[in-house]
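So the chains spell out like this:
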Amino acid sequence: MTPGPGMVGGAAAARPRRLMRTAGLSVIWLVLLLFIVYPLLILLSRAFFDGGHLTFDALFATLKSPSSLRALGNSLLLALMVGVVGTLVGLLFAFTVDRARLGSRTARLIDALTFLPLISPPFTTSIAFVFSFGPRGLITHDLLGLKNAQMYGLTSTFAAETLTYFPIAYLALRPMLASISSNFEEASFSLGGSRWHAFRTVTLPLIIPALANAFLLLFGCSLADFATPLILAGSDFSVLPTEAYLQITGMFDLKSGAILSLLLLVPAGLVFYAQERFVAGRSYVTVTGKAATATERNSVSSSARIALLTFCILTVALILYFYALLFYASVVLAFGANYTLTLEHYRVIFTEGLPAIKDTLFVAAVGMPLGGLYGILVGYLVGRTKFVGRRAMELISMLNYALPGTIVGIAYLLAFNDKPLALTGTATILIACYIFRYSPTGIRTTIALLQQIDKILEEDSASLRANSFVTFRRVMLPLILPAFFAGLGVVFIRSMTAISATIFLVSINWSLITVKILENMTEVALGPAAAFSVFVIVVVLVVTGLLNTVLRRMTAPSLRVSRIGT
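Residues numbered from 1 in each chain as written. Predicted model: local features only at pLDDT ≥ 70, side-chain atom pairs only at ≥ 80, totals over all residues. Heavy atoms only, no water.

## Focus on the pattern of salt bridges
Item 1. Tallied over the full model, the rule gives three salt bridges.
Item 2. Linking R391 and E394 is a salt bridge whose minimum nitrogen-to-oxygen distance equals 2.9 Å. Here R391 pairs with E394, and both are found in helix 18 (residues 390-402), just three residues apart, close to one helical turn.
Item 3. Given a relative accessible area of 53%, R391 falls into the exposed group.
Item 4. E519 is paired through a salt bridge with K516; the nearest N and O atoms lie 3.5 Å apart. Within this pair, E519 and its partner K516 are both found in helix 25 (residues 513-522), separated by three residues, close to a single helical turn. (Salt bridge = Lys/Arg side-chain N within 4 Å of Asp/Glu carboxyl O. Helix = DSSP H or I, 4+ residues; strand = E, 2+ residues; numbered from the N terminus. Buried < 20%, exposed > 50% of the residue type's maximum accessible area, 1.4 Å probe, protein only.)

## Remarks on the environment of A160
Item 1. Take A160: it is sitting in helix 7 (residues 154-179).
Item 2. According to the relative accessible area criterion, A160 is buried, its value standing at 0%.
Item 3. Expressed as a C-alpha distance, the spacing of A160 and P229, which sit 69 residues apart in the sequence, is 9.3 Å.
Item 4. Leaving out residues up to four positions away in the same chain, A160 has contacts with T125, F129, T228 and L232. (Contact = heavy atoms within 4.5 Å.)

## A few points about the environment of F335
Item 1. Structurally, the position occupied by F335 is in the loop between strand 3 (332-334) and strand 4 (338-341).
Item 2. Separated by 204 residues in sequence, F335 and F131 place their C-alpha atoms 7.6 Å apart.
Item 3. Filtering out sequence-adjacent residues up to four positions away, F335 remains in contact with F131, R136, L138, L325, Y328 and A329.

## Here's the deal with the confidence of the model for the protein
Caution applies to low-pLDDT parts of the model: their predicted coordinates are not meant to be read in detail.
Item 1. Per-residue confidence for the protein averages 79 on the pLDDT scale, and 80% of its residues sit at or above 70.
Item 2. Predicted confidence in the protein is weakest over helix 8 (residues 182-190), with a mean pLDDT of 58, and strongest over helix 16 (residues 344-349), with 94.
Item 3. Within the model, the stretch residues 283-295 combines pLDDT values under 50 with 17 contacts to residues more than four positions away or in other chains. (pLDDT = per-residue confidence, 0-100.)

## Quick notes on the side chain of T124
Item 1. Position of T124 relative to the elements: it lies in helix 5 (residues 124-133).
Item 2. By relative accessible area, T124 is classed as buried at 3%.
Item 3. Beyond its immediate sequence surroundings of up to four residues, T124 is in contact with Y323, L326 and S533.

## Regarding unusual backbone geometry
Item 1. Going from K419 to P420, the amide bond is cis rather than trans, its omega being 10 degrees.
Item 2. Structurally, P420 can be placed in the loop between helix 19 (405-415) and helix 20 (427-438).

## Thoughts on the nonpolar core
Item 1. If you look at the biggest cluster of nonpolar residues, it comprises 154 residues, and the most contacted ones within it are F131, M393 and Y412.
Item 2. At 14 residues, the largest contribution of residues to this core is made by helix 26 (residues 526-554).
Item 3. Once residues within four sequence positions are removed from consideration, F131 is found in contact with R136, G137, L138, L325, L326, A329, F335, L526 and A530.
Item 4. In terms of nonpolar packing, the next biggest core, distinct from the first, is built from six residues, L78, F158, A233 and F237 among them. (Core = buried A, V, L, I, M, F, W, Y, C linked by side-chain atoms within 4.5 Å.)

## So, the pairing of strand 4
Item 1. Alignment of strand 3 against strand 4, held across two bridges, turns out to be antiparallel. Bridging across to strand 4, V332 finds its partner in L341.
Item 2. Between strand 3 and strand 4, which follow one another and run antiparallel, lie three residues, and G336 among them has a positive phi close to 95 degrees. (Pairing = 2+ DSSP bridges.)

Here it is, written out as structure tokens:
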């Protein structure tokens, strides 16, 4: 059969599309291998190879070191405490907002204030603890009259991390609670069960996956936390991230630092495995597709409602107190000694600290659109197209997000410190670190949104002779805009607030606000540290507010994701 003109034309038109698709996939794979796989391979080679030969001598030496074992034990203890208590607090907040029959305004207010720790620099809670419970703290010194009060160690570190990370558990648990029909509980009540019995035998078993996931998230966050222990743990309570940092920056021992950071993967992997085993083999179905009559939730009694609401209000009040104290410390001459109002600290950060502000805003401004674009491109490729290695691309793209920031930072330092890829000390390495560590949020959101969009839309576009690029630009892109904005928000927020990975990558030429806060804290310049923190919070609130406003105007309500920044 002789091919007709239409067939020949179609084949000719398909060839450039295939070439463009192959070129696009090649570029994506190149950046994934360069900025994710390559640094991790370099880290492993530095840790376990010496002179081209595989050796575990450095690992055994680290495991025999009493200080390393003590740091490992402290990290596990702290992560376990934060995981358990933070998950419990998140559960109480989620249950209160979803089941305690709050007014819409009260629920939104608690919802908004709960997220403050997530959009703040990692030092914010730590600084507030020093201002409150330190030797010249407002509570310990001014109110209780204690002299030289010491607040460093496990207790303060645990409290600060719990307040910082429990909103993550709240985010994980609230949607799960909302998905459970009130009819389940009503069925228990009709059989004579009490509210507590219904919660213990019906609600709690159904949210086990969310509880396990929340615990895993908080355990991993605490295990990888660098900033809080550095300020609050003190010399008597060392943890692995700070030990790795001190090995590299203080002892210039990159091999020991790499091994210490890799030790973080062992407990995190064990907890993940235990979570999977605990959840596997059970049924947690709450959405069946069958119509059900919605009934008003009656999950808590009046006394329990008051108790839950009181707990949430007190916790939120504590968070607000810390932020108010932070602002107050930024506008007094010397907190704890001279409370004369002044704007001197803001003058300092906008003069001496101006280079760090410019550098941080530049990195965030460049990384934000690149991270958003990278997120939807990879998410679209993984979620909507078929090609060899699709699953591998998805897993590799999530690696830097799943690994502790200390590991990612050390891996980048080792990989890009020498030619031919000498990027250390440049803005490029900072931007790349943020993009490939935090863009997976946009990737996962894109994949989730694509699962809601019928493929017939693309088929209709193709039937009208639109090529794949036109279909993506004019049909799919408007529908997945929420994922793009989610990627923008997360990359911007983390560019302004994160430090665990980039602390190893800053230089004289390029610095960051979070590094300046750390320097001010170590130099006991608490006023400028507070002023820097307030500045970051204001900038993040303004930018995320603008992104949310634009997102609401550009997307349909049915396709909107959660508020950007959460």
